[in-house]
Amino acid sequence: FALGLSGLRGQFGNQMKISGYPLDWTVLHRGNSNFGELLVIEYRQGDYVERRYLNDKLLQNTYDPVTKQSRSLFTGALRWLAHAYTPKIERVLCIGMGVGIVPMQFANANPPITTDVVEINGKVVPLAEEHFDFDKKKVNLTIGDGRRFLYQSKQKYDAIILDAFLGDSSPSQLMTTEAFTEMRRHLTDHGVLVINSFGESSKER
């Protein structure tokens, strides 16, 4: 899903208007990276707080910094789909960390699940730590390409979460027969691959 943003207006300081929303959002972070502009915005009204992470103005995740929970249903779905399809998860690989919400769900489980994370954009890590309660000490974090990581690793996983995006689509190198074959090689006998992807559900397709 995408969220359009109007341009930043100097007279509002760190306030910005989001087209279609009659709300003022505070800009907590705005910076460039090799993989697009990274933007964190926040809205507060009384006890209600909503924080959003956008990459090139495309909404990636929403977060409540008070309860430390995502407001986006897909984050919980990625974790619980993995649990639903494999009897026991002791080690998980997250290809793509976003702002770290999904990896932290596994790392903070009781008992904790050993969580490996590979993320291509290193600029997102300090942003995730500052604004989304990501704790890199609780995971095994690798900065690099997910497919190369798979080729170089011999580790087996009970679950692999493919949650990587380039804009509003998954990187093509991670959506090939060869990439899926490599992921299968890294799954245990009862392991499961869960993919966050866009798709169309219709009678024609």
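Okay, so let's go over this structure. (Residues numbered from 1 in each chain as written. Predicted model: local features only at pLDDT ≥ 70, side-chain atom pairs only at ≥ 80, totals over all residues. Heavy atoms only, no water.)

## Description of unusual backbone geometry
Move 1: Each neighbour pair has its own omega, and for N110 with P111 the value is 0°, a cis peptide bond.
Move 2: Note on placement: P111 falls in the loop between α2 (101-107) and β8 (114-119).
Move 3: Its identity as a non-glycine residue notwithstanding, K57 has a phi of 65°, on the positive side.
Move 4: With respect to the helices and strands, K57 occurs in the loop between β4 (48-55) and β5 (58-64). (Helix = DSSP H or I, 4+ residues; strand = E, 2+ residues; numbered from the N terminus.)

## Some thoughts on the nonpolar core
Move 1: Membership of the largest hydrophobic core comes to 30 residues, with the highest contact counts inside it found for Y53, A82, V99, F106, L127, F132 and I161.
Move 2: Breaking this core down by element, the ones donating at least two residues are β3 (36-45), α1 (73-85), β7 (91-95), α2, α3 (124-131), β10 (157-162) and β11 (187-195).
Move 3: Broken down by element, this core gets its largest block of residues, five residues, from α2.
Move 4: Sequence-distant contacts of V99, that is, excluding residues within four places in its chain, are made with Y53, N61, V124, L127, A128, F132 and F134.
Move 5: Within the second largest apolar cluster, 13 residues are counted, among which are I95, Y157, I160 and L174. (Core = buried A, V, L, I, M, F, W, Y, C linked by side-chain atoms within 4.5 Å. Buried < 20%, exposed > 50% of the residue type's maximum accessible area, 1.4 Å probe, protein only. Contact = heavy atoms within 4.5 Å.)

## Re the environment of S70
Move 1: Following the sequence through the fold, S70 ends up in strand β6 (residues 69-70).
Move 2: Once you skip the residues sitting within four places of it in the chain, S70 turns out to touch N61, T62, Y63, T75 and I101.
Move 3: A distance of 2.9 Å separates a polar atom in the side chain of S70 from a polar atom in the side chain of N61.
Move 4: A polar contact is formed between the side chain of S70 and the backbone nitrogen of S72, at a distance of 2.9 Å. (Polar contact = N/O pair within 3.5 Å; in protein donor to acceptor, adjacent residues only side chain to side chain.)

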